[in-house]
Amino acid sequence: MTDAPIVDAQDVAQSFGARTVFEHVNFQVLPREIFVILGGSGCGKSTLMRQMIGLLAPTAGRMMVLGHDMRAPDAAVLKRLGVMFQGGALFGSKTLLENVMLPLEMHTDLPRDAREDLAAVKLGLVGLADAANLQPAEISGGMAKRCGIARALALDPPLLFLDEPAAGLDPVTSAGLDQLILDLRAQLGISFVVVSHELNSILTIGDRCIMLDRGAKGIIATGDPRALRDGSADPRVQDFFKRRAA
Amino acid sequence: MPASGPARPTLHFTGPLDLPATAALWTQTLNAARGAGGKITLDLQNVPHCDTAGATLLAVAEARGAELRGANAEITALLARVRTARGTKAAPAIPRASNPLTDGARAAVDGLAFLGETLVAALRVPGRPRMFVLRDLLAITDEAGVRAVPLVMLLGFLMGLILAFQSSIPLRQFGAEIYVVNLVTISLLRELGPLLAAIILAGRTGSAFAAELGTMVVNDEIAAISTMGIDPVTMLVLPRLAATLLIMPGLAMLLELSGMCGMTLVMGTLGFPASAVVHQAVQAARLTDIVGGLVKASVFGAAVSVIGCRTGLGAGLGPRAVGEAATAAVVGGIFATIVLDGVFTILFYRLHL
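What comes next concerns the included structure. Keep in mind that what you see is a predicted model, and the values were worked out from it rather than measured.

### Section: the interface of chain B and chain A
Interface extent is often summarised as the accessible area lost during association of the parts. Tallying the contact residues gives 26 residues for chain B and 25 residues for chain A. A combined buried area of about 2,100 Å² lies between chain B and chain A, and 65% of that area is made up of carbon and sulfur atoms. The interface formed by chain B and chain A includes 1 salt bridge. At the boundary of chain B and chain A, one finds 6 residue pairs in polar contact (both at pLDDT 80 or more). Its residues placed into classes, the side of chain B that touches chain A shows 14 nonpolar, 6 polar and 6 charged.

### Focus: the nonpolar core
Residues and elements named next belong to chain A. Residues L123, I149 and F192 are the most contacted members of the largest nonpolar core, which totals 78 residues. Here F192 is in contact with E33, I34, F35, L159, L160, L162, I181, L184 and R185, once residues within four sequence places are set aside. Core analysis: the second largest hydrophobic core is formed by 28 residues, I6, C43, M49 and M52 among them.

### With respect to the sheet that holds strand 3 (residues 34-39) of chain A
Residues and elements named next belong to chain A. The strand order across the open sheet built from 6 strands is 6-7-8-3-9-10, with neighbouring strands paired in mixed fashion. Two strands close off the open sheet at either side, each with one partner strand: strand 6 (81-84) and strand 10 (218-223). Neighbour to neighbour, the strand axes of the sheet diverge by 15° on average, direction disregarded. Bridge analysis of strand 6 against strand 7 (residues 159-163) gives 4 bridges, and the strand direction is parallel. Looking at the pairing, M84 lines up with L162 of strand 7.

### Side note on the pattern of salt bridges
Residues and elements named next belong to chain B. Applying the stated criterion across every chain, the model contains 19 salt bridges over all chains. The closest approach of N and O atoms between E62 and R83, which form a salt bridge, is 2.7 Å. With a gap of 21 residues between them, E62 in helix 2 (residues 52-63) and R83 in helix 3 (residues 73-87) connect regions that are remote in the sequence. Assessed through its relative accessible area of 37%, R83 is described here as partly exposed. For R147, the salt bridge goes to E143, with nearest N and O atoms at 3.5 Å. Given the relative accessible area of 51%, R147 is considered exposed. Its relative accessible area of 42% is what places E143 among the partly exposed residues.

### Description of the environment of P170 of chain B
All names here are of chain B. By the secondary structure assignment, P170 is in helix 6 (residues 149-172). Given a relative accessible area of 41%, P170 falls into the partly exposed group. As a C-alpha pair, P170 and V180 span 10 residues in sequence and 9.9 Å in three-dimensional space.

### Looking at the packing of aromatic side chains
All names here are of chain B. Inspection of the entire model under this criterion finds 4 aromatic pairs over all chains. Taking 5.6 Å as the distance between ring centres and 55° as the angle between the ring planes, the aromatic pair formed by F344 and F348 counts as tilted. Taken together, the residues F344 and F348, both in helix 12 (residues 319-350) and 4 residues apart, mark about one turn of the helix. The residues F344 and F348 share a single accessibility class, namely buried. Three or more aromatic residues joined by ring pairs form one cluster here, namely F300, F344 and F348.

Each value, and the rule that gives it
Residues numbered from 1 in each chain as written. Chains lettered and ligands numbered in written order. Predicted model: local features only at pLDDT ≥ 70, side-chain atom pairs only at ≥ 80, totals over all residues. Heavy atoms only, no water. Contact = heavy atoms within 4.5 Å. Buried area = accessible area lost by both parts, 1.4 Å probe. Salt bridge = Lys/Arg side-chain N within 4 Å of Asp/Glu carboxyl O. Polar contact = N/O pair within 3.5 Å; in protein donor to acceptor, adjacent residues only side chain to side chain. Nonpolar A, V, L, I, M, F, W, Y, C, P; charged D, E, K, R; others polar. Core = buried A, V, L, I, M, F, W, Y, C linked by side-chain atoms within 4.5 Å. Buried < 20%, exposed > 50% of the residue type's maximum accessible area, 1.4 Å probe, protein only. Pairing = 2+ DSSP bridges. Helix = DSSP H or I, 4+ residues; strand = E, 2+ residues; numbered from the N terminus. Axes fitted to C-alpha atoms, helices over the stretch in contact; angles between N-to-C directions. Phe/Tyr/Trp six-rings, centres within 6.5 Å; stacked < 30°, edge-to-face > 60°.

Rendered as structure tokens:
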């Protein structure tokens, strides 16, 4: 496997009218890396992720993902990305199995029994094999996030985006989800871009991170999250890791 | 790819076994395994890596008796993971026992129980008046009644016009065109006015009640109301029921008057002045026709309202439940209206009204 970056943000910026969310943002995500975007509320974490998955075109700079400019993503590159939205974004009228089967139905010629087998394996990988026939309304928030990951894994993408995977979960469920992410990376070789502000989760799973700051309108720190926690001299970084009000 | 070994046939795989390759090989591989009675070997020596799709194919083939040979460490580890993931089977979905007759009977019993609950809540209102929110009653009256006026008038006008035109054709053969007025007036007052007003109410307001209350169920708002010690029926159902009881006679009357306007227009084209039409209509209509029609309209409105609220409050969970509740409200409302209309017809006949 090469070490060419799979995500390459080149001086990207995002503005909404006169309001600039961030500018001059540069970073790279490497294969098999768990890369965390962190920062306080309103700093542009989710906006940056929406640029990476092609939902939002940067107002300046280039966002390259898997070698494609995400300003105009085509279906071929979107099939190679998995995205888990904050609440799971499951289709309420389908069972969990049908939710996971949907991308396979849309993008492959596999027969139905094969699609069911593949979807059942994906649910098994996230520990939901016994819940395959339940509706999203019948499962907990943590299970919905797990199913969201299973659906994102449906097409075996090399890169997974997770938006706030630990938000709203109890510590035990959150730790289980962190372990799942580590397992998937180890066993499937998937790279992750994780948007989060949950400190325990960031410190458990993150290989590298960038920290965005609303006041600075951009990146204020880059590196190993544990090193940033222990060694950063920037008071904003210290405030974040020590949970101090600014 | 296929080749023959000494004992059992062997399939030689070459190249990465990823999702596109798996999609191309799935049926072929499993058919080959089935053809050999499961006694087949899958040679993976030349497969550098596979993803979970490829590992699933291998696991499925293995479960059907195929032997895997030559897998590298990475594939072996992934295969172990996939075997584990496949090991836990989901509990089969239990299909809901469905029988149109028993379902219908259950719905009727539920509806009657809910009607009883609503009546009890209505009787309790004098003892706890603050739970009956007058502001809600006015808002619902505006939404369900005032805003429905243009639609009701247009539909009534067109219905009167069409009825008069259609009935004038046979009556003209007997020189009895003036009796078109009797026919249309009595039809509108006794039957079509209340019936059409109720159908409009079911489509426009009954569905809205069901969707609104169903969404409240989905969002746990009804549970929140109940845990605050507030009776949801008193707070949410009674204002809706009272609003429809208030507006339905008015809507039915408007529809009937609009229909008579349409009829007058057609009669004008047949050479009858408006004064003659009005005189004939006054002669044809009895007070019992008017009052009976308005009573029917109120009862139909109450039925549509109660059914809309019942389906909304009985909605399940998830976005589909709201849609199902709205559909059930419209279907149930129209069905109940027709059944009640039949009951009224028999009742009025027996009472010589």
